[in-house]
2 protein chains.
Amino acid sequence: MEKEAKGQLRGIVGKDYFLDSPNELYVYSYDATPLYQAMPDAVVMPGSVEEVAAIMKVATQYRIPIVSRGSGSNLCGGTVPVDGGIVMVTNRLNQFKEIDQQNLTATFGPGVITQDVHKAVEALGLFYPPDPGSMRISTMGGNVAECAGGMRGLKYGVTKDYIMGLEAVLPSGEVLRVGGKSAKDVAGYDITKLLVGSEGTLAVVTEITAKLLPLPTAKQTLVAYYNDLTDAARTVQRVIAAKIIPATMEFLDQATMVVVEDFARIGLPLDMQAMLIIEQDGTELQVEHDIARIADLCRAEGATEVSVAQTAEEGAKLMAARRAALSALARVKPTTILEDATVPRANLAEMVEQVNRIAKQYDLQICTFGHAGDGNLHPTCLTDERDTEEIHRVEQAFEDIFHAAIKLGGTITGEHGVGMAKAGYLDLKVGPVGMDLMKRVKEAFDPHGIMNPGKIFAKSSRRRVVVKTHACEHEHSHN
Amino acid sequence: MEKEAKGQLRGIVGKDYFLDSPNELYVYSYDATPLYQAMPDAVVMPGSVEEVAAIMKVATQYRIPIVSRGSGSNLCGGTVPVDGGIVMVTNRLNQFKEIDQQNLTATFGPGVITQDVHKAVEALGLFYPPDPGSMRISTMGGNVAECAGGMRGLKYGVTKDYIMGLEAVLPSGEVLRVGGKSAKDVAGYDITKLLVGSEGTLAVVTEITAKLLPLPTAKQTLVAYYNDLTDAARTVQRVIAAKIIPATMEFLDQATMVVVEDFARIGLPLDMQAMLIIEQDGTELQVEHDIARIADLCRAEGATEVSVAQTAEEGAKLMAARRAALSALARVKPTTILEDATVPRANLAEMVEQVNRIAKQYDLQICTFGHAGDGNLHPTCLTDERDTEEIHRVEQAFEDIFHAAIKLGGTITGEHGVGMAKAGYLDLKVGPVGMDLMKRVKEAFDPHGIMNPGKIFAKSSRRRVVVKTHACEHEHSHN
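In this text the structure is predicted, and so the values were computed from the model without any measurement.

(A) Highlighting the packing of aromatic side chains. Evaluated as defined, the whole model comprises 12 aromatic pairs over all chains. A centroid spacing of 5.9 Å and a plane angle of 65° characterise the contact between Tyr189 of chain A and Phe457 of chain B, whose relative ring orientation is edge-to-face. Placement of Tyr189 of chain A in the loop between strand 9 (175-179) and helix 7 (191-195) and of Phe457 of chain B in the segment after helix 15 (426-445) is noted, with the two residues assigned to different chains. Classification of Tyr189 of chain A by relative accessible area gives buried; the value is 3%. Between Phe127 of chain B and Tyr156 of chain B the ring centres are 5.1 Å apart and the planes differ by 90°, which places this aromatic pair in the edge-to-face class. Taken together, the residues span a long stretch of sequence, with Phe127 of chain B in strand 7 (residues 126-127) and Tyr156 of chain B in helix 6 (residues 153-156) at a distance of 29 residues.

Set out below in structure tokens:
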């Protein structure tokens, strides 16, 4: 990067918020997606939208790549500065500007932590549903960039369903304001929804207005154990077909249960092949009715044991066990390869069968857990990256898993995003027509290609799925 | 249009589905938005996605404008072929392909009538919430193009919130498939949501996959009358602030009540200044609880009379009265000018006050009704287009109303779309940065500018709001 550009950037944010020593740059060379790393040329930490705009103008003038990021808790290599350039950290834009109780909206900067949004609005009897696994450290800017999901996606949808308005800065430095607090708004193209999930490749979000709901007054958690994994998957289908939409329906197979138990010591029956953790919220009466009905359906589909958590603490403990799944798996072998294949929920049983078939075919240990209610599975391979031959089989296996998901009407990524990790596979889902169109949309925002280059769109045709998670880095899980 | 192009088009769809006689063309020269009219050069009625693709190739080859349409029930001049060219009628693409009861989705062609979707899914205990006023004649393709709203928007959102996947043909003739049945999908930009509400300016939709909900088991309707119009508006705020989200909260002012009563004879108390019609759905217990609470809030805010419909028929009759509002108003004077200004719902009272102030200032008769719950108001001016002096004041008044809506954090159109009618005002909402960006997005889809030209983006800076409704054309109301 030109010395002149660096000087301009330092001038914009001040010397305390401009980093370019190797030690400092190293910290921003990776995110929660191991095996991906690249050094930026400079790190800037703007404190206002005006500073963001000024930085963008410099980046455009010198054609410097801009990678915006918050906590870097994504699992797709989405914030690794693969072409160098500027990493723009948005954590200082963490003002909580307003909770509007009449319009049921919250407005805040992109640096606000997801869980802080939950806490702030729940204190007022309001509810922001998206709950990615990383919510204790992830920023809302990151949630918007990746369209974060979570366990409540089944009933409540994902980040996109809650973002009503955005302020964002284009590469030109122009400030764009789209959407707002109006529940209905059809004034032109929906740029708001287009920016959600665009992974920092179009613009840098500087303010977020989110929709809130009234906080449900009651919640119950049920757990069901199965001798046969496909019975569990079929239960999920039966519940939905019975027109009950639980807040959460999580799925763990035996291998996952074993390591979770070892990690969390909550007394899981380790002879079982699978478990479902189902949570319903709403009014007390409705919740009781639904949970009773769900328990019946679990038994009808062959659950050997069904129990309802007697207290909120007991329920929370079960959910915490599920949240620990990835961290627990990551302790077993040196390399944990986590995937995010997603199918229409009715095809869950078939997808689980396909994963098991593929694991057998390639002689691999694949544990499967995930958000069964919305078909969002995380087949996770426990392996060792030093074993090149096995890693080759892993890559083939996951390629087969993606093809299977697509064949079942699903997608290559349900909630982690494309980033670098899935860029080579995007065409499987959207085809050449979709790829070309998305590239043209990108050019409409970013004519010089400086916004998070190398993400979403693959540079080469080489497909690569191997992503090692930080062992035991519980907080970094998006799952 | 070149003779050769016409010959090619006729060859694609067959002579029965190619029209170019003046009488036939005339039928497709207008839509439900009076004062806008323009003759197309040809009308084609494709029967398959392959025919749509072939037509698009011809249009691109000869640079012929393509205006796709269904029933033409929009209220923004969205389907008037203002530059001539081809009108592509998608009504023949009316196959109901699937109702998937496990994934809770429905898949159908764009020519399917909105109310037929309601009927088909409700027969299975499922629910497609969007209910635009035109639902008895509007096509789902039109609903997608305009992102149709309706009375249930408050609780259930609008068309965009239910469209999960689309098949669409680009101007190049390429067939694009985006989204699908997966509840979670972050594979690339969300082209699905971008196409919803794009008013035929980007692509022609040839297949739609919509999300369904379980059909609520109970529903109750409440009506409240007020001596003071702003008390009614404040009631709406109080209900939301009490964390109750009713399915519907409709608002009629006195002038509207008078003409509705004259039209529908349902016994409205005509000495009242305003009425609210509030509907809640859900489980029986929840509905009873909410309606009782809402009744209390109505009384607390000064309602002189609050009554709950005793039967479903009584409730339906009240809603039918509301649905008749526009048709009833259209009978009073030769010209009915209907608007769609929308504000965050908490600002409803202030917006109503502003409308009344502006009406007084310009000495005009403006009746206001609309979807109060989501701040989507339809201030409606009763006038006479032959009175040029008054029409000039009307235009000034509505320009003031748009500015007031924007100033209150609202938008120029909540559910009718931009089309030609609002094109001159879009910059008020999205600003020059948003306008430029939207134009570049349009170019990414439509490099030759053949897709519904003259819509969304104004050709000149002349602003024009005067839109006369078809007198008594009940079916054509989107409101």
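From this point on, the discussion continues.
(B) Geometry of the pairing of strand 14 (residues 274-282) of chain A. Residue and element names in this part refer to chain A. For strand 14, the buried fraction is high: nine of the nine residues fall into the buried class. Covered by surrounding structure in strand 14 are Ala274, Leu276, Ile278, Gln280 and Gly282 together with Met275, Ile277, Glu279 and Asp281, the residues of both alternating faces. Taken together, the nine bridges between strand 12 (residues 218-226) and strand 14 define a ladder with antiparallel strand orientation. Paired with Gln220 across the bridge in strand 14 is Gln280. As defined by bridge partners, strand 13 (residues 248-253) adjoins strand 14 across six bridges and the pair is classed as antiparallel. Opposite Leu252, over in strand 14, you have Met275 as the bridge partner.

(C) Quick look at helix 3 (residues 49-62) of chain B. Residues and elements named next belong to chain B. Its 14 residues give helix 3 an end-to-end C-alpha distance of 20 Å, which sits within 8% of 20 Å, the value for a rise of 1.5 Å per residue. Counting buried positions along helix 3 yields 10 of 14 residues, so the element is predominantly enclosed. Three or more residues of helix 3 are buried, namely Val49, Glu51, Val52, Ala53, Ile55, Met56, Val58, Ala59, Thr60 and Tyr62. Following helix 3 by one or two positions, Arg63 adopts a phi angle in the positive range, close to 55°.

(D) Seen up close, the packing of helix 13 (residues 348-361) of chain A against helix 14 (residues 388-407) of chain A. Residues and elements named next belong to chain A. Look at helix 13 against helix 14: their axes get within 10 Å of each other, and the N-to-C directions meet at 155°. The orientation of helix 13 relative to helix 14 falls into the category roughly antiparallel. In this structure, the crossing between helix 13 and helix 14 has a hand that is right-handed. Contacts between helix 13 and helix 14 involve Met351, Gln354, Val355, Ile358 and Gln361 on the former and, on the latter, Ala397, Asp400, Ile401, Ala404 and Ala405. Of the residues in the contact of helix 13 with helix 14, the class split is seven nonpolar, two polar and one charged.

(E) Highlighting the environment of Ser138 of chain A. Residues and elements named next belong to chain A. Secondary-structure assignment places Ser138 in the loop between strand 7 (126-127) and helix 5 (140-146). Placed 26 residues apart in sequence, Ser138 and Val112 show a C-alpha to C-alpha distance of 8.5 Å. Among all residues touching Ser138, those that are not within four sequence positions of it are Ser71, Ser73, Val112, Ile113, Thr114, Pro132 and Asn143. Reaching out from Ser138, the side chain makes a polar contact with the side chain of Thr114 at a distance of 2.7 Å.

(F) Representation of a nonpolar patch on the surface. Residues and elements named next belong to chain B. Side chains of Tyr26, Tyr30 and Met39 sit close together on the surface and give an oily, nonpolar patch of about 290 Å² of accessible area. The topology assignment puts Tyr30 in the loop between helix 2 (22-27) and strand 2 (42-44). Of the residues examined, Tyr30 reaches a relative accessible area of 31% and is grouped as partly exposed.

(G) Seen up close, the interface of chain B and chain A. Listed by partner, the interface residues are 78 residues for chain B and 78 residues for chain A. For the chain B and chain A pair, buried surface summed over both sides reaches about 6,200 Å², with 62% attributable to carbon and sulfur atoms. Interface area lost by chain B to chain A is led by Lys184, Val186 and Tyr189 of chain B, which between them contribute 16%. At the boundary of chain B and chain A, one finds eight salt bridges. Salt-bridge contacts for Lys160 of chain A lead to Asp190 of chain B; the nearest nitrogen and oxygen are separated by 3.0 Å. Put simply, the parts of the chain that give the side of chain B that touches chain A at least two residues each are strand 9 (175-179), helix 7 (191-195), helix 8 (229-241), helix 10 (284-300) and helix 15 of chain B. A total of 12 residues in the side of chain B that touches chain A trace back to one element, the largest contributor, which is helix 15 of chain B. Its residues assigned to classes, the side of chain B that touches chain A shows 35 nonpolar, 27 polar and 16 charged.

(H) Broad picture of the pairing of strand 8 (residues 163-169) of chain A. All names here are of chain A. In terms of burial, strand 8 is a largely internal element, seven of the seven residues being buried. Sheet topology places strand 8 next to strand 10 (residues 204-211); six bridges connect them, and they run antiparallel. Counterpart to Ala168 in the pairing with strand 10 is Val205. With five bridges connecting them, strand 8 and strand 9 associate as antiparallel partners. Counted as the bridge partner of Leu166 is Val178 from strand 9.

(I) View of the domain arrangement of chain A. All names here are of chain A. Each assigned domain of chain A is listed here: domain 1 (1-215 + 417-479) and domain 2 (218-324). For domain 1 versus domain 2, the separation of C-alpha centres amounts to 33 Å. Taken together, the contact pairs 12 residues of domain 1 with 13 residues of domain 2. Summed over both partners, the interface of domain 1 with domain 2 comes to about 1,100 Å²; 54% of that surface belongs to carbon and sulfur atoms. Taken together, domain 1 and domain 2 are joined by two salt bridges. A salt bridge links Arg323 to Asp131, with the nearest nitrogen and oxygen atoms 2.9 Å apart. The tally of links between domain 1 and domain 2 comes to five residue pairs in polar contact (both at pLDDT 80 or more). Grouping the constituent residues of the side of domain 1 that touches domain 2 by class yields six nonpolar, three polar and three charged.

Calculation rules
- Residues numbered from 1 in each chain as written.
- Chains lettered and ligands numbered in written order.
- Predicted model: local features only at pLDDT ≥ 70, side-chain atom pairs only at ≥ 80, totals over all residues.
- Heavy atoms only, no water.
- Phe/Tyr/Trp six-rings, centres within 6.5 Å; stacked < 30°, edge-to-face > 60°.
- Helix = DSSP H or I, 4+ residues; strand = E, 2+ residues; numbered from the N terminus.
- Buried < 20%, exposed > 50% of the residue type's maximum accessible area, 1.4 Å probe, protein only.
- Pairing = 2+ DSSP bridges.
- Expected span 1.5 Å × (residues − 1).
- Axes fitted to C-alpha atoms, helices over the stretch in contact; angles between N-to-C directions.
- Parallel < 35°, antiparallel > 145°, perpendicular 65-115°, else oblique.
- Left-handed = near helix turned anticlockwise from the far one by under 90°.
- Contact = heavy atoms within 4.5 Å.
- Nonpolar A, V, L, I, M, F, W, Y, C, P; charged D, E, K, R; others polar.
- Polar contact = N/O pair within 3.5 Å; in protein donor to acceptor, adjacent residues only side chain to side chain.
- Patch = residues over 30% accessible without salt bridge, like charges linked within 9 Å, V, L, I, M, F, W, Y side chains within 5 Å.
- Areas by Shrake-Rupley, 256 points an atom, 1.4 Å probe, with all protein chains shown as cover.
- Salt bridge = Lys/Arg side-chain N within 4 Å of Asp/Glu carboxyl O.
- Buried area = accessible area lost by both parts, 1.4 Å probe.
- Domains from an automatic or database assignment.

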